[in-house]
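Read off the chains here:
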Amino acid sequence: MARTSRFPGFYKVTVQERRALVGEATGADVRDMERALEGGGLDAETADKFVENVIGTYALPYGVALNVRVNGHDRVVPMVTEEPSVVAAASNAAKMVRAGGGFVAEADPPLMIAQIQLHGVPDALAAAAGIREHSEEILKLADRAVGGLVARGGGAREVEARVLADDVVVVHVVVDCRDAMGANLVNSVAEAVADRLAAITGGLIGPRILSNLCDRRCVRVTCVVPAEVLATDEMSGSAVIDGIVNASRFAELDPYRAATHNKGIMNGIDAVVMATGNDWRAVEAGAHAFATRTGRYQPLAVWRRFGEALEGRIELPLALGTVGGTLRVHPAARLSLRMLGVTDAQELAMIAASIGLASNLAAVRALASDGIQRGHMGLHARSVALAAGAAGHLVARVAAMIVEARDITLEGARKAMNVLAAEAGEAASEVDVAD
Ligand code: MEV
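## Quick notes on the environment of Val168
Line of reasoning, step 1. By secondary structure assignment, the location of Val168 is in strand E6 (residues 168-176).
Line of reasoning, step 2. Separated by 40 residues in the primary sequence, Val168 and Ala128 place their C-alpha atoms 9.9 Å from one another.

Shown next, in the form of structure tokens:
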């Protein structure tokens, strides 16, 4: 965990200064940051060992979410994303949540599901009963395939049989993956037990693979935000709460809105998943399948009024690892874990889900008040000002001028800089005259 995740004015200092601040608060080494984060941290030679036909690498911005407190501990949370305003929005929302005591999170044990499909089964109900009778034997067979995991305290825990059709049975072997994401371990289990399952059921072996709907590995986060920190220039905190509760209800009633609501949540979660070298496609697949568990696509996070405060709640499956896979080879992913100071995969999942809830809060608050474009445009204006050559304190002034003029273009930023330069010139000559 970090000494603090509060860094007022962080965005105003240079990249080098930010690294020093994060290093001091988290214990991460600044030289490690330079090595891991300059140019994306991955050279083509290492990348060539990851995937096939490599001709280079592709870097994305690496930022940190600030103000985050989960279960009483401060965390500086690395986020990899190409979308402007995602990191700032998560940090701002985390600050509001902090005013109510921070995020309160819990995670299920790291249980993943291996699926083995059996088809052409002569009697599906008898096959399911046979599998249940042999469950101890199947668990032993599964454990033998993942001896290293068993030595680390994990291993096969349960066997379930589901009848999908008259001639189709699927067997689930539930595996405790400890701190691994678990795809390879679970796939090994699925392949190791398949022959025996075919013999027990008299069926043919179909696909043997993990399920990305890892609903035995869910994480739940809640937060309570006092009304006063939600207020905007134009709206009281209480009115913002009403607007957010209405936005939540909209997502609960309408899958078209729920998809966008969940996209905003995944803006935060995916960014942490990527920064920590985890498989974001697996996380996305699990999240959206979970969102339809009632038979209708639902928001992953909901918001309710709680007296003069707002209460938020998120639940989703999160299969994240803190060992193995990309982590072994990607220096930036290893740095992210050091910076976070997590001790296990469950802790990482709780932090990622908290960032999801923060991202959602930022989005629904904006939707309930100023609309989404104002904040987006403010940040976009800053990058346009930078691209036009503004530096230091001029960035914020030029950005404010082009937002005001509703001309957020390079040309608009150059014009604003000329105006400021002329003003500075006049002020200087007035001083000359006065002298
Ligand atoms: C944009 O990346 C995400 C939002 O559309 C999410 C939402 O509408 O809740 C702002």
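Once you've had a look at it, read on.
## Things to note about the side chain of His172
Line of reasoning, step 1. By secondary structure assignment, the location of His172 is in strand E6.
Line of reasoning, step 2. Relative accessible area serves as the criterion here: at 8%, His172 is assigned to the buried category.
Line of reasoning, step 3. Only 2.9 Å separates the side chain of His172 from the side chain of Gln115, close enough to count as a polar contact.
Line of reasoning, step 4. Discounting chain neighbours no more than four positions away, the residues touching His172 are Ile113, Ala114, Gln115, Glu158, Val159, Glu160 and Arg162.

## Considering the pattern of salt bridges
Line of reasoning, step 1. If you walk through the whole model with that rule in mind, you get 22 salt bridges.
Line of reasoning, step 2. Arg31 serves as the salt-bridge partner of Asp29, at 3.6 Å between the closest nitrogen and oxygen.
Line of reasoning, step 3. When its relative accessible area of 53% is taken as the criterion, Arg31 is described as exposed.
Line of reasoning, step 4. Residue Arg98 pairs with Asp74 through a salt bridge whose shortest N-O separation is 3.0 Å. Of this pair, Arg98 sits in helix H4 (residues 86-99) while Asp74 sits in strand E2 (residues 73-80), placing them 24 residues apart in sequence. The pair Arg98 / Asp74 is uniform in exposure class, with both members buried.
Line of reasoning, step 5. Taken together, the shared-partner salt bridges in this structure form one network comprising Glu106, Asp108, Arg220 and Glu315.

## Brief notes about the site of the ligand
Line of reasoning, step 1. Within the structure, the ligand sits among Glu83, Arg257, Thr260, His261, Lys263, Gly264, Asn267, Ala363, Leu367 and Ile372.
Line of reasoning, step 2. Separating an oxygen atom of the ligand from a side-chain N or O atom of Glu83 is a distance of 2.6 Å.
Line of reasoning, step 3. Here an oxygen atom of the ligand sits 2.9 Å away from a polar atom, N or O, in the side chain of Asn267.
Line of reasoning, step 4. Protein chains shield 83% of the accessible area of the ligand, which is 300 Å² for the free molecule.
Line of reasoning, step 5. Among the elements of the structure, helix H11 (255-275) and helix H14 (345-368) are those that each provide at least two residues to the shell around the ligand.
Line of reasoning, step 6. Among the elements that make up the shell around the ligand, the one with the highest residue count is H11 (six residues).

## Describing the domain arrangement of the chain
Reports often express the size of an interface as the amount of accessible area lost when the parts come together.
Line of reasoning, step 1. Partitioning the chain into domains gives domain 1 (64-108 + 217-370), domain 2 (111-211) and domain 3 (375-434).
Line of reasoning, step 2. The C-alpha-based centres of domain 2 and domain 3 are spaced at 64 Å.

## Digging into the sheet that holds E6
Line of reasoning, step 1. With respect to topology, four strands assemble into an open sheet ordered E5-E6-E4-E7, the strand pairing being antiparallel. Because the sheet does not close on itself, it has two edges, and the strands there are strand E5 (155-165) and strand E7 (204-210). Across this sheet, the average inter-strand angle for adjacent strands is 20°, counted without regard to direction.
Line of reasoning, step 2. When strand E4 (residues 111-119) meets E7, the two strands line up antiparallel, connected through five bridges. Residue pairing in the sheet places His119 in a bridge with Leu204 of E7.
Line of reasoning, step 3. Against the sheet, helix H5 (residues 124-133) touches E4, E5 and E6, its axis set at about 175° to E5.
Line of reasoning, step 4. Across the sheet, helix H8 (residues 183-201) is in contact with E4, E6 and E7; its angle to E4 comes to roughly 35°.

## A look at the pairing of E4
Line of reasoning, step 1. Pairing of E4 with E6, which is carried by eight bridges, proceeds in the antiparallel orientation. The partner of Gln117 across the bridge, within E6, is Val170.

## Some remarks on helix H12 (residues 280-291)
Line of reasoning, step 1. When the terminal C-alpha atoms of H12 are compared, their 16 Å separation across twelve residues agrees well with the 16 Å that a helix rising 1.5 Å per residue should span.
Line of reasoning, step 2. All of the buried residues along H12 are Ala282, Val283, Gly286, Ala287, Phe290 and Ala291. For H12, the angular spread of buried residues about the axis comes to 160°, placing them on one side.
Line of reasoning, step 3. For H12, the N-terminal cap is Asp279; the gap from its side-chain oxygen to the backbone nitrogen of Arg281 is 3.1 Å.

## A few points about the pairing of E5
Line of reasoning, step 1. Alignment of E5 against E6, held across nine bridges, turns out to be antiparallel. Note that in E6 the partner of Arg162 across the bridge is Val170.
Line of reasoning, step 2. From the end of E5 to the start of E6, which pair antiparallel, there are two residues.

## Let's talk about empty space enclosed by the protein
Line of reasoning, step 1. Here the structure, examined in full by the defined rule, presents one cavity of 30 Å³ or more.
Line of reasoning, step 2. Ala107, Asp108, Arg217, Cys218, Leu318, Ala345, Gln346 and Ala349 are the residues that line the largest cavity.
Line of reasoning, step 3. For the lining of the largest cavity, the leading source of residues is H14, giving three residues.

## Remarks on the sheet that holds strand E10 (residues 309-317)
Line of reasoning, step 1. Ordered in space as E3-E8-E10-E9, the four strands form an open sheet in which the pairing is antiparallel. Looking at which strands have only one partner, the edges of the open sheet turn out to be strand E3 (104-107) and strand E9 (301-306). Strand after strand, the sheet turns through a mean of 15° between neighbouring axes, direction not considered.
Line of reasoning, step 2. The pairing of E9 with E10 spans six bridges and is classified as antiparallel. Counterpart to Phe306 in the pairing with E10 is Ala309.
Line of reasoning, step 3. Across the face of the sheet, H12 comes into contact with strand E8 (218-226) and E10 while running at roughly 115° to E10.
Line of reasoning, step 4. Packing against the sheet, H14 makes contact with E3, E8, E9 and E10, and its axis sits at approximately 45° to E8.

Reading guide: rules and limits
Residues numbered from 1 in each chain as written. Predicted model: local features only at pLDDT ≥ 70, side-chain atom pairs only at ≥ 80, totals over all residues. Heavy atoms only, no water. Helix = DSSP H or I, 4+ residues; strand = E, 2+ residues; numbered from the N terminus. Buried < 20%, exposed > 50% of the residue type's maximum accessible area, 1.4 Å probe, protein only. Polar contact = N/O pair within 3.5 Å; in protein donor to acceptor, adjacent residues only side chain to side chain. Contact = heavy atoms within 4.5 Å. Salt bridge = Lys/Arg side-chain N within 4 Å of Asp/Glu carboxyl O. Near = heavy atom within 4 Å. Areas by Shrake-Rupley, 256 points an atom, 1.4 Å probe, with all protein chains shown as cover. Domains from an automatic or database assignment. Pairing = 2+ DSSP bridges. Axes fitted to C-alpha atoms, helices over the stretch in contact; angles between N-to-C directions. Expected span 1.5 Å × (residues − 1). Arc of directions from axis to C-beta. 1 Å grid on protein atoms, 1.4 Å probe; cavity = no way out; pocket = protein on both sides within 12 Å on 5 of 7 lines; lining within 4 Å. Points joined across faces, edges and corners; volume = space filled by probe spheres on them.

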